[in-house]
Every structure is written in C-alpha cells, then in structure tokens.
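Geometric and topological summary
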Amino acid sequence: MNVLGIETSCDETAAAVVTDDRRILSNVVLSQLDEHRPYGGVVPEIAARAHLDHLDGIIGQAMADAAIGFGKLDAVAATGGPGLIGGVMVGVMTAKAIAAVHGLPFLAVNHLEGHALTARLTDDVQFPYLLLLVSGGHCQLLAVEDVGGYVRLGGTIDDAIGEAFDKTAKLLGLGYPGGPALEAAAARGDATRFALPRPLAGRPGCDFSFSGLKTAVRHAAAKLPDGEVSAADAADLAASFQAAVGDVLVDRCANALDAFAGAHPAAAPALVVAGGVAANRHLRTRLGELCAQRQTRLIAPPSELCTDNAAMIAWAGIEHVRRGAADGLDFAPRPRWPLDEGKNAAA
Ligand code: KG4
Ligand code: ZN
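The sections below set out a description of the structure shown in this document.

Calculation notes
- Residues numbered from 1 in each chain as written.
- Chains lettered and ligands numbered in written order.
- Predicted model: local features only at pLDDT ≥ 70, side-chain atom pairs only at ≥ 80, totals over all residues.
- Heavy atoms only, no water.
- 1 Å grid on protein atoms, 1.4 Å probe; cavity = no way out; pocket = protein on both sides within 12 Å on 5 of 7 lines; lining within 4 Å.
- Points joined across faces, edges and corners; volume = space filled by probe spheres on them.
- Helix = DSSP H or I, 4+ residues; strand = E, 2+ residues; numbered from the N terminus.
- Nonpolar A, V, L, I, M, F, W, Y, C, P; charged D, E, K, R; others polar.
- Buried < 20%, exposed > 50% of the residue type's maximum accessible area, 1.4 Å probe, protein only.
- Pairing = 2+ DSSP bridges.
- Near = heavy atom within 4 Å.
- Polar contact = N/O pair within 3.5 Å; in protein donor to acceptor, adjacent residues only side chain to side chain.
- Areas by Shrake-Rupley, 256 points an atom, 1.4 Å probe, with all protein chains shown as cover.
- Donors = N, O, S within 2.8 Å, 3.2 Å for Na, K, Ca; no water.
- Phe/Tyr/Trp six-rings, centres within 6.5 Å; stacked < 30°, edge-to-face > 60°.
- Axes fitted to C-alpha atoms, helices over the stretch in contact; angles between N-to-C directions.
- Contact = heavy atoms within 4.5 Å.
- Core = buried A, V, L, I, M, F, W, Y, C linked by side-chain atoms within 4.5 Å.
- Salt bridge = Lys/Arg side-chain N within 4 Å of Asp/Glu carboxyl O.

Here we take up empty space enclosed by the protein. Applying the stated criterion across every chain, the model contains one cavity of 30 Å³ or more. Volume-wise, the largest cavity comes out at about 30 Å³. Those elements that place two or more of their residues in the lining of the largest cavity are strand 6 (129-134) and helix 9 (281-293). With three residues, the top contributor of residues to the lining of the largest cavity is helix 9. When the residues that make up the lining of the largest cavity are grouped by side-chain class, the tally is eight nonpolar, one polar and one charged.

What follows covers the pairing of strand 7 (residues 139-146). Along strand 7, six of the eight residues are buried, which leaves the element largely enclosed by surrounding structure. With six bridges joining them, strand 6 and strand 7 adopt antiparallel strand pairing. In the sheet register, leucine 133 faces strand 7, and the bridge partner there is glutamine 140. In textbook terms, the turn of a hairpin is the stretch between consecutive antiparallel strands, and for strand 6 and strand 7 this stretch comprises four residues. With six bridges joining them, strand 7 and strand 8 (residues 149-155) adopt antiparallel strand pairing. Residue pairing across strands places aspartate 146 opposite glycine 149, the latter belonging to strand 8. Once strand 7 ends, the chain turns through two residues before running back antiparallel as strand 8, passing glycine 148 with a positive phi of about 85°.

Surveying the vicinity of ligand 1 reveals 18 residues, the closest of which are Gly136, Asp166, Glu183, Gly276 and Asp308. At 3.2 Å from an oxygen atom of ligand 1 is found a side-chain nitrogen or oxygen belonging to histidine 111. In this structure, an oxygen atom belonging to ligand 1 sits 2.9 Å away from a main-chain N or O atom of glycine 276. Against a free-state accessible area of 560 Å², the protein chains account for coverage of 88% of ligand 1. Counting only elements with at least two residues in the shell around ligand 1, the list comes to helix 4 (111-122), helix 5 (161-171) and helix 6 (178-186). In terms of residue class, the shell around ligand 1 is made up of four nonpolar, eleven polar and three charged.

Here we take up the coordination of the zinc ion (ligand 2). The reference angle at a metal is 109.5 degrees if four donors form a tetrahedron and 90 or 180 degrees if six donors form an octahedron. Within the protein, the atoms that donate to the zinc ion (ligand 2) are His111 (NE2), His115 (NE2) and Asp308 (OD), at distances of 2.1 to 2.2 Å. Sequence positions of the residues that donate to the zinc ion (ligand 2) give the spacing H-x3-H-x192-D. Highlighted residues: histidine 115 in helix 4 and aspartate 308 in the loop between helix 10 (303-306) and helix 11 (311-322), separated in sequence by 193 residues. We classify aspartate 308 as buried; its relative accessible area is 16%.

This part is about the packing of aromatic side chains. Counted by the stated rule, this structure contains four aromatic pairs. Ring plane angle 15° and centroid distance 6.0 Å describe the contact between phenylalanine 208 and phenylalanine 210, whose orientation is recorded as stacked. A relative accessible area of 0% places phenylalanine 208 in the buried class. Geometrically, the ring pair formed by phenylalanine 331 and tryptophan 337 is tilted, given 6.0 Å between the ring centres and 40° between the ring planes. An identical accessibility class is assigned to phenylalanine 331 and tryptophan 337; each is buried.

Think of a sheet as strands paired side by side through backbone hydrogen bonds, with each pair either parallel or antiparallel. Taking strand neighbours across the sheet as the criterion, the five strands line up as 3-2-1-4-5 in an open arrangement whose pairing is mixed. Every interior strand has two partners, whereas the edge strands, strand 3 (24-31) and strand 5 (106-110), have only one. Going across the sheet, the axis of each strand differs from the next one's by a mean of 20°, ignoring polarity. By the bridge criterion, seven bridges tie strand 2 (residues 12-19) to strand 3 in an arrangement that is antiparallel. Each residue of the ladder has a partner; that of glutamate 12, found in strand 3, is serine 31. Sitting on the sheet, helix 3 (residues 85-102) is in contact with strand 1 (2-7), strand 4 (75-81) and strand 5, with an inclination near 160° to strand 4. Running over the sheet, helix 4 touches strand 1, strand 2, strand 3, strand 4 and strand 5 and is turned about 95° from strand 5.

A separate point is the nonpolar core. Ranked by internal contacts, the top residues of the largest apolar core, which has 49 residues, are Leu132, Val134, Ile161, Phe210, Phe241, Val245 and Leu249. When contributions to this core are tallied by element, the ones reaching two or more residues are strand 6, strand 7, helix 5, helix 6, helix 7 (211-222), helix 8 (231-263), strand 9 (270-274) and helix 9. Among the elements that take part in this core, helix 8 stands out by supplying 15 residues, more than any other. Leave out the neighbours within four places in its chain, and valine 245 touches Ile161, Phe165, Phe210, Leu213 and Leu283. The next biggest cluster of nonpolar side chains, apart from the first, holds 37 residues, and it includes Ala77, Leu107, Ile299 and Ile313.

Our next topic: the pattern of salt bridges. Using the criterion set out here, one finds 18 salt bridges in the structure. With a closest N to O distance of 2.4 Å, aspartate 258 and arginine 294 form a salt bridge. On the criterion of sequence distance, the pair formed by aspartate 258 in helix 8 and arginine 294 in the loop between helix 9 and strand 10 (297-299) is long-range, its members being 36 residues apart. Aspartate 258 gets classed as partly exposed once you look at its relative accessible area, which sits at 45%. Given a relative accessible area of 29%, arginine 294 falls into the partly exposed group. Arginine 322 is the partner of glutamate 319 in a salt bridge, and the nearest nitrogen-oxygen pair spans 3.7 Å. Of this pair, glutamate 319 and arginine 322 both sit in helix 11, three residues apart, which is roughly one turn of that helix. For glutamate 319, a relative accessible area of 0% gives the class buried. Shared partners join several salt bridges into a network, and the residues in it are Arg120, Asp146, Glu319, Arg322 and Arg323.

Listed below in structure tokens is the structure:
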C-alpha cells in the first residue's frame, strides 16, 4: 500500500509517500523560516499563503522522489487539525481534490496522532506504550493503547514546552527558531551558574508548568550587571534553562511510568518521545538515563521525523486505512482537536 501524506498545520509545507511495510519512499519538507523570521514567530496569514504557493510543487516533488504515479497510490492523508486553520484548509482541500480526481480514499489525520504513531513507522513498537509528546504547541503524557486509543495522563497547565524554548531563546537574543538555537547556545554554557526552579518536580501527577521557569530566566537576566546579557551569559542561562527542563521531564516521566505500569502491568515498558522538542539531544540523554534505570525501552525517532513532516501523516493514514477507516469529503478542518477525543466531537 502506498499512501501520500500532506502536512500544512504550522510553518512546514510537507508531502511524503510511505508504504504499509514501513518504507519512506519520499519525504519533502519546505520550512517557511525565512518568511516568519522578521516577526520572531509564525504569522498565520503568511503561513497559509505560503502553503498555497508551495504545496502543489512539494507534492509533485514527493511523487517524483517516490518514482510512482498518482495511479499507484492507495489513499491520501492530510493533517485535519489541530493547527493554524488557514494552513490546515489548504492541505485538506488539496488532499480532497487528489482523492476525488483519482478515486482514492481520503483520511483526515490528527497532527498529534501523526507524532504519536511515528515510532511505529521507525521502530517495531507494539501497543500499549507511554508517549511523551513535546512540541511547539503541546506538552503531554499519554498512554497509547491502540490507534485511536489515547489516555491522557497529564499535560502542561500553562505554556507548551517548545513555546518555552522559543520564548526563552527570544529573550536571550539567540535567534529564530528558538529551540535549536537555545540547544546550540547551551552546549557552550555552564548549566550550574544560575539556580532556576524545577516547576512541579517532586509533586504527584504528570502535569507540567513552564511559565515560571521562563520568568525566572527573565529575572536572572535582569539581575546581570548593567542588565546586559553577554553571549557568555546567554549561553549559561540557556544551559541552566535546558538543565531545569531536563530535570522536570525526568521527574514527570518517572511518575507517568508508574501510572502506566499500574494500568498495564503485563506490557513491556516502553517510552516513546515525539514532537519537535524531542530533537533536543540533552533531553534525549536525560530520558535515556531514566529509562536505563527503569528497565524501560526508550524510542526516539530520528530528529527529522520528530519535527513536523508528512511521513508521519501518511503513516497515521496507513494505520487507519488498515482498520478500514476513511473520511468523507465533507470533513471540516479542526483548529482544536484533542487527541483523547473522537474525530467528530465538537471542536
Ligand atoms: O513538532 P514541531 O515541529 O511543531 C509543532 O507541532 O509544534 O515542534 C516545533 C517546536 C518548536 O518550538 C521548536 O523550537 C522546538 O520544537 N524544537 C526544539 C528543538 N528543535 C525543535 N526545542 C528544543 N531543542 C531542539 N533541538
Ligand atoms: Zn508537530
């Protein structure tokens, strides 16, 4: 089975062709970084227009790289939400048109489900597993029991983790996009120089909080002599921030592993980490240490499949097609779409 996937929910225009025997025939990602850089963040209207300008070409390239014609496709899957609605509409409309013209089933995929199931494309992972979803818009721990079977164990009560990275990087003048820039600066910094809080660490439960940590970085920066943040100060603050985030993730995931083991005593314990922030090497190392202590398998897909891409959308489509699912061409894009909620529940 060959499935075309389309992703347009944020600032990546992406298309990919994936097979049901887990081969990625093509995976094309066009990042709109240059369009949004002057504003220091993603501008929804600019993103929607850029998707409209580039999507046809990106799909053409994905089909050419895969070296198959549209006649060899078995389904078309597009991100149906959650995300910036203008972009989601561009991807969904294009996928519906391809499906209609070529007589193919259309699937509207939850973007978060794309991240959640990527590990089953890259690694041989069986259900159930524990998922740490860490991206620009989300920070959640979920028990993934089956395709469509997601039980939320906890999530952020304020900022998403990627948002905390991006805002902290902006505050420190580290450039855009913030996450990778902060990681690069942290590699040159001293993580012990600033004592930053570890929000919610040591408390029961699996929730997260990042806004206080971000504020603590701002206060520490303001207390520097002359209020000037030198490159060395920025590196030390970045390293201290990243260390605090690592401690928080380890603390929260330890609680989640306990909760998961309680609910699934017979399952071989596995922690899957997904979403753009999962590209961070320090955080991967910290989670690796936790999993080693807990005799738990850690599965972290390669970075290019952690950040937004269309291979994950094609794969989630395959998981649904295998179960006989398809969506009608009347599917309406959903700006909000919690993962632990059915497809057609009110947004
Ligand atoms: O999953 P993703 O590509 O898009 C969303 O669905 O949000 O995640 C993007 C987020 C951004 O906040 C970005 O700064 C963050 O992931 N990110 C990182 C790293 N690479 C990307 N955060 C920390 N360290 C990184 N290396
Ligand atoms: Zn994402």
